[in-house]
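# Structural description and commentary
Chain by chain, the residues run as shown.
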Amino acid sequence: NENDVKVLQEYGKLLQQTFALNLAATATLKISNIRGDNSSLFGTQNLTDENPYSYWATDDSVKTASITLEWKKRVQFNLIRLKENIKLGQRIEKVEVDAMLNGVWKKIGEATSIGANRIIRIPQNISTTKIRIRILQSPVCIALSDIGVFYSPEPVTTSIKK
């Protein structure tokens, strides 16, 4: 049906627009732990390099951690994308995202697993200079390969409505 094709094309354009600019790549990232203090192998640069197999990792004994992203100017976003290095298996079982709003951390999103690709949709647009990703539960050390922070002008859904 011609109408379905049009809807899919518009949806494709929206997705392309939404994920074209990763705000995380313009942030300063601070992490609570780094595997063997080896930032060249396991540092924050791996979280925004678009390589699914490079990753930030914690020491073997560290199963909870936090990442803070800070911008010089306010950014507006409504989607957080997290990816694990799936070659090492799905590890993260619980994550929460906070934004610094009016001088205090406020929880704005959460997920129970990450895997190859998890998008956390924030119900309202957030404008801030700081967010924090807290990994609260993982049976083994953390191996996160990607952080994305995006703004979608329209809600991105996974289903096409007729």
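Placed above this text is the structure.
What comes next is a walk through the structure. A quick note: this is a predicted structure, and the numbers were derived from the prediction, not measured.

On to the overall build of the protein chain. Of regular secondary structure, the protein chain possesses 2 helices and 7 strands. Reading the helices (α) and strands (β) of the protein chain from amino to carboxyl end gives α-β-α-β-β-β-β-β-β. Taking 162 residues into account, the globule formula puts the C-alpha radius of gyration at 15 Å, and the protein chain, at 16 Å, falls close to it. For the protein chain, the spread of C-alpha atoms along the three principal axes comes to 55 × 40 × 25 Å. Among the 162 residues that make up the protein chain, the fraction classed as buried is 42%.

Tracing the chain through its elements places Arg81 in strand 3 (residues 65–84). Owing to a relative accessible area of 10%, Arg81 belongs among the buried residues under this scheme.

Formed by 37 residues in total, the largest nonpolar core has its most connected members in Leu69, Phe77, Leu144, Ile147 and Val149. Taken together, the elements giving at least two residues each to this core come down to strand 2 (56–57), strand 3, strand 4 (94–101), strand 5 (104–111), strand 6 (118–137) and strand 7 (143–150). Ranked by residue count, the leading element in this core is strand 3, at 8 residues.

Taken as a whole and judged by the stated rule, the model has 1 aromatic pair. One residue, Lys87, lies across the ring of Tyr53, its end atom 4.1 Å from the ring centre.

With respect to the helices and strands, Gly148 occurs in strand 7. Separated by 29 residues in sequence, Gly148 and Ile119 place their C-alpha atoms 8.9 Å apart.

Let us now look at the pairing of strand 6. Alignment of strand 3 against strand 6, held across 13 bridges, turns out to be antiparallel. Following the sheet pairing, Ser66 is matched in strand 6 by Arg134. Bridge count between strand 4 and strand 6: 6 bridges; the pairing is antiparallel. When the sheet's bridge partners are listed, Lys94 is paired in strand 6 with Gln137.

Tallied over the full model, the rule gives 9 salt bridges. We note a salt bridge from Glu70 to Lys30, for which the minimum N-O separation is 3.8 Å. With Glu70 in strand 3 and Lys30 in strand 1 (residues 28–31), the pair connects residues that are 40 residues apart, well separated along the chain. When its relative accessible area of 49% is taken as the criterion, Lys30 is described as partly exposed.

Calculation criteria
In every chain, residue numbers begin from 1 and rise along the written sequence. Confidence filtering applies because this is a predicted model: local features only for residues at pLDDT of at least 70, side-chain atom pairs given and counted only at 80 or more, and all residues used for totals across whole chains, interfaces and linings. Each side-chain value is worked out from all heavy atoms of the structure, with water and hydrogens disregarded. Helix numbering and strand numbering both begin at the N terminus, where a helix is a DSSP run of H or I of at least 4 residues and a strand a DSSP run of E of at least 2. Put simply, the radius of gyration uses C-alpha atoms, and a globule should come to 2.2 Å times the residue count raised to 0.38. For the exposure calls, accessible area comes from a 1.4 Å probe over protein chains only, and a residue counts as buried if that area is under 20% of its type's maximum, exposed if over 50%, partly exposed in between. The term nonpolar core refers to a set of buried residues drawn from Ala, Val, Leu, Ile, Met, Phe, Trp, Tyr and Cys, joined through side-chain atoms within 4.5 Å. We call Phe, Tyr and Trp rings a pair once their centres come within 6.5 Å, taking the six-membered ring for Trp, and we label the pair stacked below 30 degrees between planes, edge-to-face above 60, and tilted otherwise. Criterion for a charge above a ring: Lys NZ or Arg CZ within 6 Å of the ring centre, and within 35 degrees of the ring normal. Strands are labelled as partners when DSSP assigns at least two bridges between them. We define a salt bridge as a contact between a side-chain nitrogen of Lys or Arg and a carboxyl oxygen of Asp or Glu at a distance within 4 Å.

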